[in-house]
Amino acid sequence: MFKYIAEKLLVLLRDGRKLMGILRSFDQFANVVLESASERVIVGDLYCDIPLGLYVIRGENVVLIGELDLEREELPPHMTRVSAEEIKRAQKAEKDATDLKGSMRKRMEFLDFD
């Protein structure tokens, strides 16, 4: 991993978050320090990069680390960049829809469709 020092990386975390930034340091436990870090939030066809600054990531939360190709377009053309406020509203709407679906499923368990 030493060859990726000062390179822009994508770090996928155990909770599903995606962080991007410049690798400044790491250790044998996969603890990572990212400079100019940002969290990429994607909801449907919307996305937002939320700036985080200097960010320390505990190694037990790292699922995957990958180098970003700065020459390629990062996202498909149909994706729309929105503000942090808009993406948070979209996240809340998506969570509310998922919660409603789960509660409806629980209410309908008595029908036993299996």
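Every value quoted in this text rests on a predicted model; they were computed, and no experiment measured them. (Residues numbered from 1 in each chain as written. Predicted model: local features only at pLDDT ≥ 70, side-chain atom pairs only at ≥ 80, totals over all residues. Heavy atoms only, no water.)

Counting residues in hydrophobic clusters, the biggest one holds ten residues: Leu9, Val11, Leu13, Leu19, Leu23, Val32, Leu34, Ala37, Ile57 and Val62. Broken down by secondary-structure element, the contributors of at least two residues to this core are strand E1 (8–13), strand E2 (18–26) and strand E3 (32–43). Setting aside residues up to four positions removed in sequence, Leu19 forms contacts with Leu9, Leu10, Val11, Leu13, Leu34, Ser38, Glu39, Leu52, Tyr55 and Ile57. Residues Val41, Val43, Cys48 and Ile50 belong to the second largest nonpolar core, which totals seven residues. (Core = buried A, V, L, I, M, F, W, Y, C linked by side-chain atoms within 4.5 Å. Buried < 20%, exposed > 50% of the residue type's maximum accessible area, 1.4 Å probe, protein only. Helix = DSSP H or I, 4+ residues; strand = E, 2+ residues; numbered from the N terminus. Contact = heavy atoms within 4.5 Å.)

Note on placement: Glu35 falls in strand E3. When the C-alpha atoms of Glu35 and Gly21 are compared, they prove to be 5.6 Å apart, with 14 residues separating the residues in sequence. Those residues in contact with Glu35, other than ones at most four positions away along the chain, are Gly21, Ile22, Arg24, Gly53 and Leu54. Engagement of the side chain of Glu35 in a polar contact is seen with the side chain of Arg24, the distance being 2.3 Å. (Polar contact = N/O pair within 3.5 Å; in protein donor to acceptor, adjacent residues only side chain to side chain.)

Before going further, it helps to spend a moment on the sheet that holds strand E5 (residues 62–67). Strand order in the open sheet formed by six strands is E5-E1-E2-E3-E4-E6, with mixed pairing between adjacent strands. Of all the strands in the sheet, just E5 and strand E6 (80–81) have a single pairing partner and so form its edges. Bridge count for E1 against E2 is five bridges, and the pairing is antiparallel. Paired with Val11 across the two strands is Leu19, which belongs to E2. (Pairing = 2+ DSSP bridges.)

What follows is about the confidence of the model for the protein. Summing up the model confidence of the protein, the mean pLDDT is 88 and the portion of residues at 70 or higher is 89%. Mean pLDDT per element in the protein: helix H1 (residues 84–107) is the minimum at 83, and E2 is the maximum at 96. (pLDDT = per-residue confidence, 0-100.)

Quick look at the pattern of salt bridges now. Between side chains of opposite charge, a pair can form as their charged atoms come close. In total, this model carries six salt bridges according to the counting rule given. Here Arg81 ties to Asp49 by a salt bridge, and the two come within 3.7 Å at their closest N and O atoms. Here Arg81, found in strand E6, pairs with Asp49, found in strand E4 (residues 46–57); they are 32 residues apart in sequence, far enough to count as distant. Look at Asp49 and you get buried, because its relative accessible area is 17%. Close ionic contact of Glu60 with Arg58 constitutes a salt bridge, the shortest N to O distance being 3.3 Å. One network of salt bridges, with partners in common, ties together Arg40, Asp49 and Arg81. (Salt bridge = Lys/Arg side-chain N within 4 Å of Asp/Glu carboxyl O.)

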